[in-house]
Amino acid sequence: MSTPQPRPSVAAMPAYVAGKPPVERPGLVTYKLSSNENPYPPLDGVVEIAAEAAGRVNRYPDAGSTELYDALAKAYGVPAEELALSTGAVALIFQLVSAYCGPEDEVVFAWRSFEAYPIAVLAAGATAVKVPVTDGGEHDLDAMAAAITERTKVVFVCTPNNPTGTSVTQTELDAFLAKVPEHVLVVVDEAYAEFVRMDDAVDGVATYRSRANVVVLRTFSKAYGLAGFRVGYAFAPAPIAATLRAMALPFGVNVVAQAAGVASLERQTELLARVDDLVAERTRVVEGVRAAGWDIPGAQGNFVWFAFDSGERCADFAAAADEVGLMVRPYPPEGVRVSIGEPEANTRLIELAGSFPKG
Ligand SMILES: Cc1ncc(COP(=O)(O)O)c(C=O)c1O
């Protein structure tokens, strides 16, 4: 007897591999450095406001997320109709690809990059065009521009790139955008924007405001430490933002997440000071690992990247990290990503870099 079958492209979708929790080791504090989470718990006021909102969960949330839209509009000086909220930036990625692509269409992105891209592309029945990153883990924007065909509907630029940690500059992004046809949507995924410290850094807000085909993705999951609440947002020209809202599941951003988002924006200065602390730890890790002889790429997110030449080496490094109580994220065969965590976890990573054979 035949059974219901999903579309072939759905059946071909790879599973999203989430970072694992650390293995318990008696006598040793273990750390989860496998999901690019913020190691700091939410600020006190945020937790209280979220808890108070939880007392109202018998009611549906505000379907229009009015307060959170207003708070974001005020924080970034943009009109609310140029914003789209959803249940994490990952949901916006699915909404974008589903809205703009069908079975005949192609989506161009760097690889390796964020693993949700190929899944979202297959979910829409479209074709993924993966353009290898350079040896240094950077986007090859010339090759990405060359990969655009008449079938291309969407291009992702992930900056900082998950998992390699590198960022494009504004000059590089502008040169790339100048080559992209106006009907192709360029999604600048800035999930880690708040961690960027570099010259000529991308100004996502100015970039989307000066183009009709650019969407910028941001999230409360990383710098704001609200990964468990699932809130992300897009800056986009009003017609694209309206499309994204139309593609969202009704009532997706729940009542607790909305309240926590508003409360976090009210405490932006305090939260961003914590980001400075994480950036200082990132600098310590990058310098420590390089001093131990590793040629790791410049890190602009809350994570560092160890490139390897085989799946076996990735697995060995992950196992060695596990031995010292660190759960990291292998991406065989290319490398291993390690999130910046608590100072003790970062110190252990530097020590591991000193003792693990470079091959
Ligand atoms: C590059 C990038 N984009 C988007 C996301 C999704 O973030 P969220 O769905 O938690 O907002 C992530 C999360 O890891 C990411 O690394």
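Residues numbered from 1 in each chain as written. Predicted model: local features only at pLDDT ≥ 70, side-chain atom pairs only at ≥ 80, totals over all residues. Heavy atoms only, no water.

The name an unreviewed UniProt entry gives the chain is Aromatic amino acid aminotransferase, with Nocardioides luteus as the organism. Regarding the chain, the UniProt comment filed under Cofactor (unreviewed entry) reads as follows: "pyridoxal 5'-phosphate". Turning to the chain, the UniProt record has this under Sequence similarities (unreviewed entry): "Belongs to the class-II pyridoxal-phosphate-dependent aminotransferase family." (UniProt positions renumbered as here; feature names shortened; annotations may be inferred.)

Some points on the overall build of the chain
Within the chain, the regular secondary structure consists of 13 helices and 12 strands. Relative to a compact globule of 359 residues, whose C-alpha radius of gyration would be 21 Å, the chain shows 20 Å and is just as compact. Expressed as a percentage of the 359 residues in the chain, the buried residues total 55%. Across the chain, every contact between residues at least 6 apart in sequence was considered, and the portion connecting residues at least 24 apart equals 74%. With the model as given, the accessible surface of the chain reaches about 15,600 Å², and the carbon-plus-sulfur share is 55%. Taking the 29 positively charged and 44 negatively charged side chains of the chain as two groups, their mean positions are separated by 4 Å. (Helix = DSSP H or I, 4+ residues; strand = E, 2+ residues; numbered from the N terminus. Rg over C-alpha atoms; globule rule 2.2 N^0.38 Å. Buried < 20%, exposed > 50% of the residue type's maximum accessible area, 1.4 Å probe, protein only. Contact = heavy atoms within 4.5 Å. Areas by Shrake-Rupley, 256 points an atom, 1.4 Å probe, with all protein chains shown as cover. Lys, Arg positive; Asp, Glu negative; His and termini not counted. Charge placed at Lys NZ, Arg CZ, Asp CG, Glu CD.)

Digging into the site of the ligand
Neighbouring the ligand are 13 residues, the closest being Ala89, Asp189, Tyr192, Thr219 and Ser221. A distance of 3.0 Å separates an oxygen atom of the ligand from a polar atom in the backbone of valine 90. Within the side chain of asparagine 162, an N or O atom sits 2.7 Å from an oxygen atom of the ligand. When atoms are counted within 2 Å of each cavity's grid points, the one that captures over half of the ligand is the largest pocket. Looking at side-chain class alone, the shell around the ligand contains 6 nonpolar, 4 polar and 3 charged residues. (Near = heavy atom within 4 Å. Polar contact = N/O pair within 3.5 Å; in protein donor to acceptor, adjacent residues only side chain to side chain. 1 Å grid on protein atoms, 1.4 Å probe; cavity = no way out; pocket = protein on both sides within 12 Å on 5 of 7 lines; lining within 4 Å. Sits in = over half its atoms within 2 Å of the grid points. Nonpolar A, V, L, I, M, F, W, Y, C, P; charged D, E, K, R; others polar.)

A closer look at the UniProt feature "modified residue: N6-(pyridoxal phosphate)lysine" (unreviewed entry) in the chain
The sites that UniProt annotates as "modified residue: N6-(pyridoxal phosphate)lysine" (unreviewed entry) are Lys222. Within the secondary structure, lysine 222 sits in the loop between strand E7 (214-219) and strand E8 (232-235).

Focus on the pattern of salt bridges
Under the definition given, this model contains 13 salt bridges. A salt bridge links lysine 153 to aspartate 105, with the nearest nitrogen and oxygen atoms 2.8 Å apart. You can see lysine 153 sitting in strand E5 (residues 152-158) and its partner aspartate 105 sitting in the loop between helix H4 (89-100) and strand E3 (106-111), a full 48 residues away along the chain. A salt bridge links glutamate 281 to arginine 284; the shortest N-O distance between them is 2.9 Å. Of this pair, glutamate 281 and arginine 284 both sit in helix H11 (residues 268-291), 3 residues apart, which is roughly one turn of the helix. By relative accessible area, glutamate 281 is classed as buried at 15%. (Salt bridge = Lys/Arg side-chain N within 4 Å of Asp/Glu carboxyl O.)

Considerations on the pairing of E8
Here E8 shows two buried faces, one formed by Gly232 and Ala234 and the other by Tyr233 and Phe235. One ladder, built from 4 bridges, connects strand E2 (residues 83-86) with E8; its direction is antiparallel. The partner of leucine 85 across the bridge, within E8, is tyrosine 233. Bridging between E7 and E8 involves 4 bridges; their strand directions are antiparallel. Residue pairing in the sheet places arginine 218 in a bridge with tyrosine 233 of E8. (Pairing = 2+ DSSP bridges.)

With respect to the nonpolar core
By size, the foremost hydrophobic cluster in this structure holds 115 residues, and its most contacted members are Val304 and Phe306. Taken domain by domain, the makeup of this core includes at least three residues from each of domain 1 (8-42 + 268-355) and domain 2 (46-266). Among residues more than four places away in sequence, those in contact with valine 304 are Val285, Val286, Ile296, Ala299, Val336, Arg337, Val338, Ile340 and Leu349. (Core = buried A, V, L, I, M, F, W, Y, C linked by side-chain atoms within 4.5 Å. Domains from an automatic or database assignment.)

A short note on the sheet that holds E3
In spatial order, the strands read E2-E8-E7-E6-E5-E3-E4; together these 7 strands make up an open sheet with mixed pairing. In this open sheet, the two strands that pair with only one neighbour each are E2 and strand E4 (127-132). Pairs of neighbouring strands in the sheet enclose a mean axial angle of 20°, with direction left out of account. One ladder, built from 5 bridges, connects E5 with strand E6 (residues 185-189); its direction is parallel. Bridge pairing in E6 links cysteine 158 to aspartate 189. Sheet strands in contact with helix H9 (residues 238-247) are E2, E6, E7 and E8, and its direction is about 20° off that of E2. (Axes fitted to C-alpha atoms, helices over the stretch in contact; angles between N-to-C directions.)

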